[in-house]
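Fold and contact review
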Amino acid sequence: MRGSLTAKGQATRGRIVQGAVAVLREKGVAVATLDDVLARSRTSKSQLFHYFPGGKDELLLAVAQFEADQVLDDQQPHLGCLDSWDAWYRWRDTVIARYEEQGDQCPLGSLFLQIGRNTPGARAIVIELLRQWQEYLATGIRAMQTAGHVPVSLDADRTAAALLAGIQGGVSILLSTGRSSHLHAALDEGITALRNAASAAI
């Protein structure tokens with residue numbers, strides 16, 4: 001439907017999705033209701049079902065896609081140009097700053113801990129998010145290999161997967177404890193491992 005919507009329709013649909021995003025981050029899937037979304041988005045029930053005829057499940061999928069897109073958008077433009085050590089550290093600083101700022105309201109927590117576990121079809125969105133995120137990291141590693149900063153023998157995909165797993169662990173601990181030290185460690189050690197691989201190859 002989205003492609004055939006007028007500008008006004010797109011704005012209304014977007015307002016509903018963003019209202020649902022806010023409600024779900026605050027209350028969680030189990031507690032949040034459509035009435036909560038209607039109140040937050042200042043829309044009527046007829047409008048909600050016009051744009052989401054499948055009701056709550058369809059709306060949750062839209063929220064899942066919004067949150068997945070937000071995870072990657074929050075890291076740009078740095079995630080898309082990891083072609084120097086300075087670029088890698090700028091990306092690292094951006095990731096840490098965003099998750100420290102967002103805390104419990106971060107899109108990754110909402111997607112993984114709330115929507116992804118309870119919404120049919122959301123797992124595919126989570127899988128695609130992780131695939132894209134890992135591919136960005138692998139592309140950055142390959143750019144460093146092309147520039148001669150990282151040995152070509154390094155498995156870019158496996159290294160990117162390990163770095164991504166470390167980030168996920170760090171974010172999970174941050175969401176559970178409010179402490180970002182593990183996220184700092186995961187990113188610092190991941191980048192240091194890349195630099196050590198370059199030094200070992202000399």
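Definitions and limits used
- Residues numbered from 1 in each chain as written.
- Predicted model: local features only at pLDDT ≥ 70, side-chain atom pairs only at ≥ 80, totals over all residues.
- Heavy atoms only, no water.
- Helix = DSSP H or I, 4+ residues; strand = E, 2+ residues; numbered from the N terminus.
- Buried < 20%, exposed > 50% of the residue type's maximum accessible area, 1.4 Å probe, protein only.
- Salt bridge = Lys/Arg side-chain N within 4 Å of Asp/Glu carboxyl O.
- Polar contact = N/O pair within 3.5 Å; in protein donor to acceptor, adjacent residues only side chain to side chain.
- Contact = heavy atoms within 4.5 Å.
- Core = buried A, V, L, I, M, F, W, Y, C linked by side-chain atoms within 4.5 Å.
- Axes fitted to C-alpha atoms, helices over the stretch in contact; angles between N-to-C directions.
- Parallel < 35°, antiparallel > 145°, perpendicular 65-115°, else oblique.
- Nonpolar A, V, L, I, M, F, W, Y, C, P; charged D, E, K, R; others polar.

1. Considering the overall build of the protein
Along the backbone of the protein there are nine helices and zero strands. When its helices and strands are written in sequence order, the protein yields α-α-α-α-α-α-α-α-α. Each of the three principal axes of the protein carries a C-alpha extent, and together these read 65 × 40 × 25 Å. Among the 202 residues that make up the protein, the fraction classed as buried is 43%.

2. Focus on the pattern of salt bridges
Within this structure, the stated rule accounts for ten salt bridges. Here R98 and E101 are joined by a salt bridge, their closest N and O atoms 3.4 Å apart. With R98 and E101 both in helix α5 (residues 85-102) and three residues apart, the pair spans about one turn of that helix. Exposure remark for E101: the relative accessible area of 60% places this residue in the exposed category. R142 serves as the salt-bridge partner of E135, at 3.5 Å between the closest nitrogen and oxygen. You can call E135 partly exposed: its relative accessible area is 34%. If you follow the salt bridges from partner to partner, you end up with D74, R98 and E101 in one network.

3. A short note on the side chain of S41
Examined against the element boundaries, S41 turns out to sit in helix α2 (residues 34-41). Here V37 takes part through its backbone oxygen, which lies 2.7 Å from a polar atom of the side chain of S41. Looking at S41, its side chain comes within polar contact range of the side chain of T43, at 2.7 Å. Not counting the four nearest positions on each side in its chain, S41 is found in contact with R15, I16 and G19.

4. So, the nonpolar core
Formed by 57 residues in total, the largest nonpolar core has its most connected members in L59, W88, W91, Y99, W133 and L137. Counting residues per element, this core draws most heavily on helix α7 (residues 122-146), which supplies nine residues. If sequence neighbours within four positions are ignored, L137 has contacts with L79, L82, W88, W91, A160, L163 and L164.

5. Brief notes about the packing of α5 against α7
At a minimum axis separation of 10 Å, α5 and α7 run at an interaxial angle of 155 degrees. By the criterion of interaxial angle, the relationship of α5 to α7 is roughly antiparallel. Of α7, the residues touching α5 (which contributes W85, W88, W91 and Y99) are W133, L137, G140, I141 and M144. Its residues assigned to classes, the contact of α5 with α7 comprises eight nonpolar, one polar and no charged.

6. Description of the environment of R40
Inspection of the secondary structure assignment puts R40 in helix α2. Taking the C-alpha atoms as reference points, R40 and A20, separated by 20 residues in sequence, lie 7.6 Å from one another. Discounting chain neighbours no more than four positions away, the residues touching R40 are G19, A22, V23 and E26.

7. Some points on the environment of A122
Among the secondary structure elements, A122 is positioned in helix α7. Residues A122 and R98 lie 24 residues apart in sequence; the distance between their C-alpha atoms is 23 Å.

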